[in-house]
Amino acid sequence: MSKSRVLVAVPSHLNKTTHPVIMTTETKPSTYLDLMECVDITQLKTRLLSEYILPLSKQLNHPDFQFLMTNYTQILEADNWERCFAIIKKLMRAEVGTKSKPYNDIDLNKWQNYSDILTDSLWMVEKRDRSSTHNSDYWGNFIPQIPNQLLQRFTQKEDWVLDPFLGSGTTLLECRALGRNGIGIEIQEEAAVETAELIADTPNPEQVNTYVEIGDSQTFPIQTALDRQGIKSVQLMVLHPPYWNVVPFGDNENNLANAFSSTHFLDQFELVVHNCTPYLEDNRYAALIIGDIYMDSEWVPLAFQAMQRMQRQGYTLKSTVIKNVNETKGKRDQTELWRYRALNGGFYVFKHEYIFLFQKT
Ligand SMILES: C[S@@+](CC[C@H](N)C(=O)[O-])C[C@H]1O[C@@H](n2cnc3c(N)ncnc32)[C@H](O)[C@@H]1O
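Residues numbered from 1 in each chain as written. Predicted model: local features only at pLDDT ≥ 70, side-chain atom pairs only at ≥ 80, totals over all residues.

Summing up its helical and strand segments, the protein has twelve helices and twelve strands in all. Considering the protein as a whole, with its 361 residues, one finds that 30% of them fall into the buried category. Here the analysis covers contacts within the protein between residues at least 6 apart in sequence; of these, 67% occur between residues at least 24 apart. (Helix = DSSP H or I, 4+ residues; strand = E, 2+ residues; numbered from the N terminus. Buried ≥ 20, exposed ≤ 12 C-beta atoms within 10 Å, placed from the backbone. Contact = placed C-beta atoms within 7 Å.)

With respect to spatial proximity, 25 residues lie near the ligand, and among them Asn-141, Phe-165, Gly-167, Ser-168 and Thr-170 are the closest. Classifying every residue of the shell around the ligand gives twelve nonpolar, eleven polar and two charged. (Near = placed C-beta within 6 Å. Nonpolar A, V, L, I, M, F, W, Y, C, P; charged D, E, K, R; others polar.)

A few words on the confidence of the model for the protein. Segments scoring low in pLDDT should not have their predicted coordinates read at a detailed level. Averaged over every residue, the pLDDT of the protein is 89; residues scoring 70 or more account for 91%. pLDDT under 50 marks residues 1-27. Its contacts with residues more than four places away, or in other chains, come to 39 contacts. (pLDDT = per-residue confidence, 0-100.)

Our focus in this paragraph is the sheet that holds strand E11 (residues 315-324). With respect to topology, eight strands assemble into an open sheet ordered E3-E11-E12-E8-E7-E4-E5-E6, the strand pairing being mixed. The sheet terminates laterally at strand E3 (122-123) and strand E6 (210-214), the two strands that pair on one side only. Note: strand E8 (residues 280-290) against strand E12 (residues 352-360), six bridges, orientation antiparallel. Within the sheet, the bridge partner assigned to Tyr-285 lies in E12 and is Gln-359. Contacts from helix H6 (residues 170-178) reach strand E4 (160-163), strand E5 (181-186), E6 and strand E7 (234-239), with the element oriented near 170 degrees to E5. With respect to the sheet, helix H10 (residues 302-312) is in contact with E8, E11 and E12, its orientation differing from that of E8 by roughly 165 degrees. (Pairing = 2+ DSSP bridges. Axes fitted to C-alpha atoms, helices over the stretch in contact; angles between N-to-C directions.)

Our focus in this paragraph is the pairing of E8. Within E8, eight of the eleven residues are buried, which leaves the element mostly enclosed by the surrounding structure. Across five bridges, the pairing between E7 and E8 is parallel. Within E8, the residue paired with Leu-236 across the bridge is Tyr-285. The parallel pair E7 and E8 is bridged by helix H9 (residues 262-276), and the resulting crossover is right-handed. (Right-handed = clockwise from strand over helix to strand, strands pointing away.)

Next comes the structure, spelled out in structure tokens:
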């Protein structure tokens, strides 16, 4: 479709801005031109109410409902022309194009539409999302909302995601739901096969590719995995390693859960990062999800130590998110016992984990 530059004329008595509005459109005139032609602010607001707000209020499923309502309300509340026209110009810009970062599909012209996307560094998630086929019985899995948020913020549709600690495949299942491609690596063969079957049985509305590889992510030939898909790099890495030996994940000696010390665990983790990093596209993001541990009456800041290993591999830390940890049924039954232990032992019971966000710069 041919694009043309349209000069939107603003009536002279209203043109208090320094420049007329210049827009690139697909030849169609803006929906908001009539608002620009109103003779005064009262007429503008009356027309806005009858011709825009009222019809929209009957279309609750309109994809831009939130964005439009927010802007219309701002116009209604504006007490001067400059404010009205600044908002109308914003609506016109949003009408003719999108403004987005190269690493996601969020249209910044309509940023009000994304109220479900978290932007604070404290994530309080009340309940696990159970809307998909996720295997919530896999011990040590994370809630689907974690990869879901990361995929929406840091990937575009059809991008590729690498998860070198696949487990029950939560990341790849969210990839399917959101139209992203993914590769997961899992060292436990039985778990990997089960996960591959689960993924294969999950709806794939956007026909993306989601592949499970069996192997040790410290040494796995990532290049071969990418060659199999005909790609050169991935656009997001999601790393959710064991929190050292807190949860058992089989008896393979290369499973990070079986490291003989916390330093050994960190060394192995760094090897995984080192092995995968060359295949993450420059300027793209990696997320590390991990918690601290308690050992021999001492709080071990495993999460921050692992975060530093990523920095050592050249990553820039962009955010540290604290996420609440909901009690599992087993722990819930023991709440009182843990309260007693904490009071007796002079420590606090773990109720949070970390999501560290990095950029490969
Ligand atoms: C915390 S779990 C990940 C859970 C996953 N995010 C989910 O939602 O199911 C860590 C996983 O990493 C696997 N793992 C540990 N060491 C590994 C290694 N060297 N290479 C590949 N996978 C490994 C474990 O077997 C376990 O399944």
